[in-house]
Amino acid sequence: MQPLRYLLLLLPLLAPLAHAESRQPTHSYTLDNGLKVIIREDHRAPVVVSQVWYKVGGADEPPGQTGLSHALEHMMFKGSKHLEPGQASHLLNSLGASENAMTNRDYTAYYQMLSRDQLPVALEMEAERMHLLTLPEDEFVKEIEVIKEERRMRVDDNPNGLAYERFLAQAYTANPYRQPVIGWMHDIERMGIEDLRAWYQQHYAPGNAVLVIVGDVYPETVKPLVERYFGAVPAGSAPLPRAPLELPAPGERSMTLHLDLQLPTLLMGFNVPSLNTASEAWEVHALRLLSAVLDGGYSARLSSRLERGEAIATSVGSGYDAFTRGDTLFILSGIPNEARAVDLPQLEDAIWQQIDELKQTPPSAEELSRVQAQVVAGLVYAQDSIMAQADRIGTLEVVGLPWQLVDEDSAALQAITPEQVSAVARKYLTRERYTRSYNLPLAEEAQP
């Protein structure tokens, strides 16, 4: 109970805290070659995060070539014109820096966190990788085996990962988000180095990228560095990212999987818009709060009623990512309480009852205010991390949303009314948009 009491005490303070989100000066401009640069000052510690975001991910890959973006991410560490394979990572490690990369459905991103005086090292390295990657075939032959093993570990030999991949393939009908970011195994097996070289030439260009720098820096010292290293990168051509769209009413879909699971699990999904594709922005913020009403902490409805109250589920939750390039999913998941002989259809019915109640009766003003306080507090305190700040700015920009939303998000959430939460439940959590998956353990005699 301690966290809830703490948040309630914070309620009168949330307005000034929300304004605190915009205290860090932020500067944005575009180089002549098309690279967008965003610099946010945060002088609390002498460190800096440098991130390069490319507007290419799993959703951009044509059928038969899934996994290209993720494979190219791996090869970005395998050498460029002036750096041998692994040399950049060795150099950064010697400086005490941390680095990594991530590939998503909408983007591929690379980052370094290091001392502010070492920022030129990160900028020079990323600028070289942007246009002088060597992509040696002998390194690719070794790395593709690493990627196959990664897929086996994360998906093929992981029953929950496999269930989720199959669920997404069913829940998205006309939307390339149905493709796995890591790629189908048969596409990975037939991928060649020439495929990666073509993908690199097509998508890795300044006009298709965003450079985000957050930390103990000033624009007057960073801008000359950015111009020195990235200004020399040829503009190239930048493809126009397209928003992945779903059918307006795909129809109800269901599936049953028998997997090497320890416990039965339920996945429920509804096709919904993102902030990029919604006709009204408030609907997206209402969907975010709807998810928080259902699964926003200890007192949220799903856990308080279905886990601790009726004891129908041992775990149950919801999730919704509003900041994607295209249409997305509102997802609920749960594990039935087998100790009380609850099965998956009973758990599904119980979750539908919670949804239907919200459709008919909006949450009280007190309940919504508590949920808004929790969500806004999470956004505000995330600003304590320069990495989290850079991640939010980069995520927004790379999917086509303005970075200024970082500073406007709290107000948008606080403007939502109880009736609006109920309205989006009625509009979007419908059978016509619904996909359900029952994931059952293999029969005992069939288990490996």
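For the structure, see preceding data.
One structure accompanies this document, and this report is about it. (Residues numbered from 1 in each chain as written. Predicted model: local features only at pLDDT ≥ 70, side-chain atom pairs only at ≥ 80, totals over all residues. Heavy atoms only, no water.)

### A few points about the overall build of the protein
Piece 1. The number of helices and strands found in the protein is 17 helices and eleven strands.
Piece 2. For 448 residues, the compact-globule formula gives about 22 Å, and the C-alpha radius of gyration of the protein, at 23 Å, lands near that figure.
Piece 3. In terms of overall dimensions, the protein has a C-alpha envelope of 65 × 60 × 40 Å along the principal axes.
Piece 4. Considering only contacts within the protein whose residues lie at least 6 apart along the sequence, 81% involve residues at least 24 apart.
Piece 5. Each charge class in the protein can be summarised by its mean position, and for the 38 positive and 59 negative side chains these summaries are 3 Å apart. (Helix = DSSP H or I, 4+ residues; strand = E, 2+ residues; numbered from the N terminus. Rg over C-alpha atoms; globule rule 2.2 N^0.38 Å. Contact = heavy atoms within 4.5 Å. Lys, Arg positive; Asp, Glu negative; His and termini not counted. Charge placed at Lys NZ, Arg CZ, Asp CG, Glu CD.)

### Some thoughts on the environment of Tyr29
Piece 1. Structurally, the position occupied by Tyr29 is in strand β1 (residues 26-30).
Piece 2. Relative accessible area serves as the criterion here: at 18%, Tyr29 is assigned to the buried category.
Piece 3. Sequence spacing of Tyr29 and Ile39 is ten residues, and the spatial spacing of their C-alpha atoms is 9.0 Å.
Piece 4. Apart from the residues within four sequence positions on either side, Tyr29 is in contact with Leu35, Lys36, Val37, Ile39, Lys223 and Val226. (Buried < 20%, exposed > 50% of the residue type's maximum accessible area, 1.4 Å probe, protein only.)

### Describing the packing of helix α15 (residues 386-398) against helix α16 (residues 405-414)
Piece 1. The interhelical angle for the contact between α15 and α16, taken along N-to-C directions, is 90 degrees, at an axis separation of 10 Å. Judged on the interaxial angle alone, α16 and α15 are roughly perpendicular. Along its contact with α15, which presents Arg392, Ile393 and Leu396, the element α16 presents Leu405, Val406 and Asp409.
Piece 2. For the contact of α15 with α16, the per-class residue count stands at four nonpolar, no polar and two charged. (Axes fitted to C-alpha atoms, helices over the stretch in contact; angles between N-to-C directions. Parallel < 35°, antiparallel > 145°, perpendicular 65-115°, else oblique. Nonpolar A, V, L, I, M, F, W, Y, C, P; charged D, E, K, R; others polar.)

### Points about the nonpolar core
Piece 1. Among the nonpolar cores identified, the biggest contains 64 residues, and Phe270, Leu287, Leu290, Phe330, Leu332 and Ile351 are the most heavily contacted of them.
Piece 2. Looking at which element gives the most residues to this core, the answer is helix α11 (residues 281-295), with eight residues.
Piece 3. Apart from residues no more than four positions distant in its own chain, Leu290 is found in contact with Phe330, Leu358, Val421, Val424, Ala425 and Leu429.
Piece 4. Formed by 49 residues, the second largest nonpolar core is a distinct cluster that contains Leu35, Ile39, Met191 and Ala209. (Core = buried A, V, L, I, M, F, W, Y, C linked by side-chain atoms within 4.5 Å.)

### A short note on the packing of aromatic side chains
Piece 1. With the rule as written, the count across this model stands at twelve aromatic pairs.
Piece 2. Seen in terms of ring centroids, Trp352 and Tyr434 are 5.1 Å apart; in terms of plane orientation they differ by 75 degrees. Their pairing is edge-to-face. On the criterion of sequence distance, the pair formed by Trp352 in helix α13 (residues 344-360) and Tyr434 in strand β11 (residues 434-441) is long-range, its members being 82 residues apart. An identical accessibility class is assigned to Trp352 and Tyr434; each is buried.
Piece 3. Among the aromatic residues, those joined into a ring-pair cluster are Tyr54, Phe77, Tyr110, Tyr200 and Tyr204. (Phe/Tyr/Trp six-rings, centres within 6.5 Å; stacked < 30°, edge-to-face > 60°.)

### Focus: the pairing of strand β6 (residues 209-215)
Here is the key point about a regular strand: its side chains alternate between the two faces of the sheet.
Piece 1. With respect to burial, β6 is a largely interior element, seven of its seven residues being buried.
Piece 2. Along β6, one buried face is formed by Ala209, Leu211, Ile213 and Gly215 and the opposite face, lined by Val210, Val212 and Val214, is buried too.
Piece 3. Pairing analysis gives seven bridges linking strand β3 (residues 47-54) to β6, with the strands arranged antiparallel. The residue bridging Gln51 from the neighbouring strand is Val212, located in β6. (Pairing = 2+ DSSP bridges.)

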